[in-house]
Amino acid sequence: MTKEQKEVLRKIIYAVETGGQVYGCQDYNDFTEAYTNSSEEHAITIGAGQWYATEAKKLLQKIYQADPTTWKMLDTAGIYQDLVTEDWSRYNISEGSAKAKCIVNLISTAVGIRCQDSLMDEQMAEYVKEASSLGVTDPAGQAMCANFCHQGGYGAVTRILKKTEQPYTLDHLYAACQTDTGNQVGAYKARQKFVYNSLKKYFTGGEDTMSAIETATKQMEDWANDSSHGYDQTYRWGEKGDYDCSSAVITAWEMAGVPVKSNGATYTGNIYDVFTRLGFQDVTSRVSLPNGSGLLRGDVLLNHVHHVAMYCGNGKEVEASINEMGTATGGEPGDQTGREFLIRSYRNYPWDCVLRYAGGSEVSGGTSMRILRYGSSGEDVRQMQELLIKAGFSCGSSGADGEFGSGTKAAVEAFQAAHGLTVDGEYGPDTAAVLQNMSYTFSPEIIQKGSTGTSVLLLQEILRARGFKGKDGKELELDRSFGDNVQYALESYQKSRNGYLKVDRICGANTWKDLIAL
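What counts, and at which threshold
- Residues numbered from 1 in each chain as written.
- Predicted model: local features only at pLDDT ≥ 70, side-chain atom pairs only at ≥ 80, totals over all residues.
- Heavy atoms only, no water.
- Helix = DSSP H or I, 4+ residues; strand = E, 2+ residues; numbered from the N terminus.
- Rg over C-alpha atoms; globule rule 2.2 N^0.38 Å.
- Buried < 20%, exposed > 50% of the residue type's maximum accessible area, 1.4 Å probe, protein only.
- Contact = heavy atoms within 4.5 Å.
- Axes fitted to C-alpha atoms, helices over the stretch in contact; angles between N-to-C directions.
- Parallel < 35°, antiparallel > 145°, perpendicular 65-115°, else oblique.
- Left-handed = near helix turned anticlockwise from the far one by under 90°.
- Pairing = 2+ DSSP bridges.
- Salt bridge = Lys/Arg side-chain N within 4 Å of Asp/Glu carboxyl O.
- Phe/Tyr/Trp six-rings, centres within 6.5 Å; stacked < 30°, edge-to-face > 60°.
- Lys NZ or Arg CZ within 6 Å of the ring centre and 35° of its normal.
- Nonpolar A, V, L, I, M, F, W, Y, C, P; charged D, E, K, R; others polar.
- Expected span 1.5 Å × (residues − 1).

**Concerning the overall build of the chain**
Now for step 1: The helix and strand tally for the chain stands at 19 helices and 11 strands.
Now for step 2: Compactness check: the chain gives a C-alpha radius of gyration of 26 Å against a globular reference of 24 Å for 518 residues, within 12% of the reference.
Now for step 3: If one aligns the C-alpha atoms of the chain with their principal axes, the spans along those axes are about 80 × 65 × 40 Å.
Now for step 4: Across the 518 residues in the chain, those meeting the buried criterion constitute 50%.
Now for step 5: Nonlocal contacts in the chain, meaning residues at least 24 apart in sequence, comprise 59% of its contacts between residues at least 6 apart.

Dropping the structure here:
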């Protein structure tokens, strides 16, 4: 989802949970005792998103990790200890108790509100990913499924999809949920109507996305079924009716209203960067390249160097392949063999990745900005690296080389951790806004036994990125506390420098300099 789509979906879910079904309204201070909503709910529910039981625990843990200093000032009732020792699946306290009042104080702070929004966005993203894996490609339809999942769980989504006419559009999903009798979805007709109407009114990239996918795929199929279109790399943009593999895919999407050619897509080597900037998602991890399991109609099958095709469903792919002489140039216009531009059974070419159109582009404030992530390259990557290095975060031995490798990913993660951002290793609008507006170099504090806070979090992120684990053999927790496991990992790092650093379990100026310079 785009940033704008996430915000719209969050507002819709908040509205139906605590906002009285008024778009844009919510109650961040909500506290609901156990058994209030249902005799089956054995624990408290809190916040604008109505987080129940262990989800309430997760929200409170997130608030503590984001700002332990504020937490310690407000936690006058021992809530942190309850997070450690109590069973939150049955955590039941009365609304008027000191503990309940303390929880409300914690979740209603500025950091508490930010954490509620962040947790809601994370959950919605996961629900949307699940919907996509079930074959829902329409973004508005995915958002409707996220609503079902937040209310009734994964089972509610699969139950309703079984009743839904394909393709899984918002309209089809809403029609199906009207016939549902499940107590967590079907019984709440007014809620489903509000969500449906709000998605129609505020959510962009829904039916238009489905239309673009179908238009592009159908265009490729039409070319394949028309013998006046063959394969040629000399006249590759249709001047004589012919295309090569990349120009065909690029032109089909351009004609479907997705301006990939207008924004610089010209061949297989730059398809990934341009397409992902304009609303395509890399879904390689969700499919099986050997047998095509998980592929959806309209998916772009890409080998960065040699070939590109499109999946058209039912185990088939469509592509411009080769001319009648078995060469790239020199043949007659049109398809002389019936196999220059064809629909064929899916095979793993081999493909490097699969791109799926999700609608819209990843933009912020109306200015085009592609999301930079591991594997990205270009001038914008180099500029980001220069800013990270200037801020004191090394991008590895290659420096600002314009390649988003493991060193750059570690630097982005460390920067995000140091500034209270979501640590995902991706350079998007939120991270860019902080980095680009910095007018100082980050100066971490000396860390020793008893230290807590942002500098400890930065150390934990860097040690994790370098592969140093705790005394328990596990990856370090990002809890901002310089405990035994972090001390052990730091000592291991200092020892690994073979006498260059003093092994004292203290992260002072020399150790910081060495950590950030690597």
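That was the structure; now back to the text.
**Points about the packing of helix H7 (residues 139-152) against helix H10 (residues 189-202)**
Now for step 1: One way to put it is that H7 packs onto H10 with a least axis distance of 10 Å and a crossing angle of 150°. Between H7 and H10, the angle falls in the class roughly antiparallel. Both H7 and H10 take part in a crossing whose hand is right-handed. Here H7 contributes Ala140, Ala143, Met144, Asn147, Phe148, His150 and Gln151 to the contact with H10, which in turn contributes Arg191, Gln192, Val195, Tyr196 and Leu199.

**Looking at the pairing of strand S5 (residues 300-303)**
In regular strands, side chains alternate between the two faces of the sheet.
Now for step 1: Burial along S5 is two-sided: the face carrying Val300 and Leu302 and the face carrying Leu301 and Asn303 are both buried.
Now for step 2: In terms of strand pairing, S5 meets strand S6 (residues 307-313) through 4 bridges, oriented antiparallel. Counterpart to asparagine 303 in the pairing with S6 is histidine 307.
Now for step 3: Linking S5 to S6, which pair antiparallel, is a turn of 3 residues.

**Examining the pattern of salt bridges**
Two side chains that carry opposite charge are able to pair once their charged atoms sit near each other.
Now for step 1: The final tally for this structure, using the stated rule, is 21 salt bridges.
Now for step 2: In this structure, a network of salt bridges that share partners links the residues Glu317, Glu319, Arg344 and Arg347.

**Quick notes on the packing of aromatic side chains**
Now for step 1: In the structure shown here, the tally under the stated rule is 17 aromatic pairs.
Now for step 2: Counting every residue linked through ring pairs, the aromatic cluster contains Trp253, Phe275, Phe280 and Tyr357.
Now for step 3: One cation-aromatic arrangement involves lysine 240 over tyrosine 235; the distance from NZ or CZ to the ring centre is 4.0 Å.

**A look at the sheet that holds strand S7 (residues 316-320)**
Now for step 1: Strand order in the open sheet formed by 6 strands is S4-S9-S5-S6-S7-S8, with antiparallel pairing between adjacent strands. Strands with a single pairing partner mark the edges of an open sheet, and in this sheet they are strand S4 (280-282) and strand S8 (341-345). Ignoring which end each strand starts from, the neighbouring axes of this sheet average 30° apart.

**Describing the packing of H7 against helix H8 (residues 154-161)**
Now for step 1: The contact between H7 and H8 brings their axes to 6 Å, and the two run at 130°. Taken together, the axis directions place H7 and H8 in an arrangement best described as oblique. The hand of the H7/H8 crossing is right-handed. On H8, the residues touching Cys145, Phe148, Cys149 and Gly152 of H7 are Tyr154, Ala156, Val157, Ile160 and Leu161.
Now for step 2: Of the residues contributing to the contact of H7 with H8, the split by class is 8 nonpolar, 1 polar and no charged.

**Considerations on helix H1 (residues 3-17)**
Since the α-helix advances by 3.6 residues per turn, residues separated by three or four positions end up pointing in the same direction.
Now for step 1: Helix length check: H1, at 15 residues, gives a terminal C-alpha distance of 21 Å against a target of 21 Å (1.5 Å per residue), a fit within 8%.
Now for step 2: Here H1 has its buried residues at Gln5, Val8, Leu9, Arg10, Ile12, Ile13, Tyr14, Ala15 and Val16.

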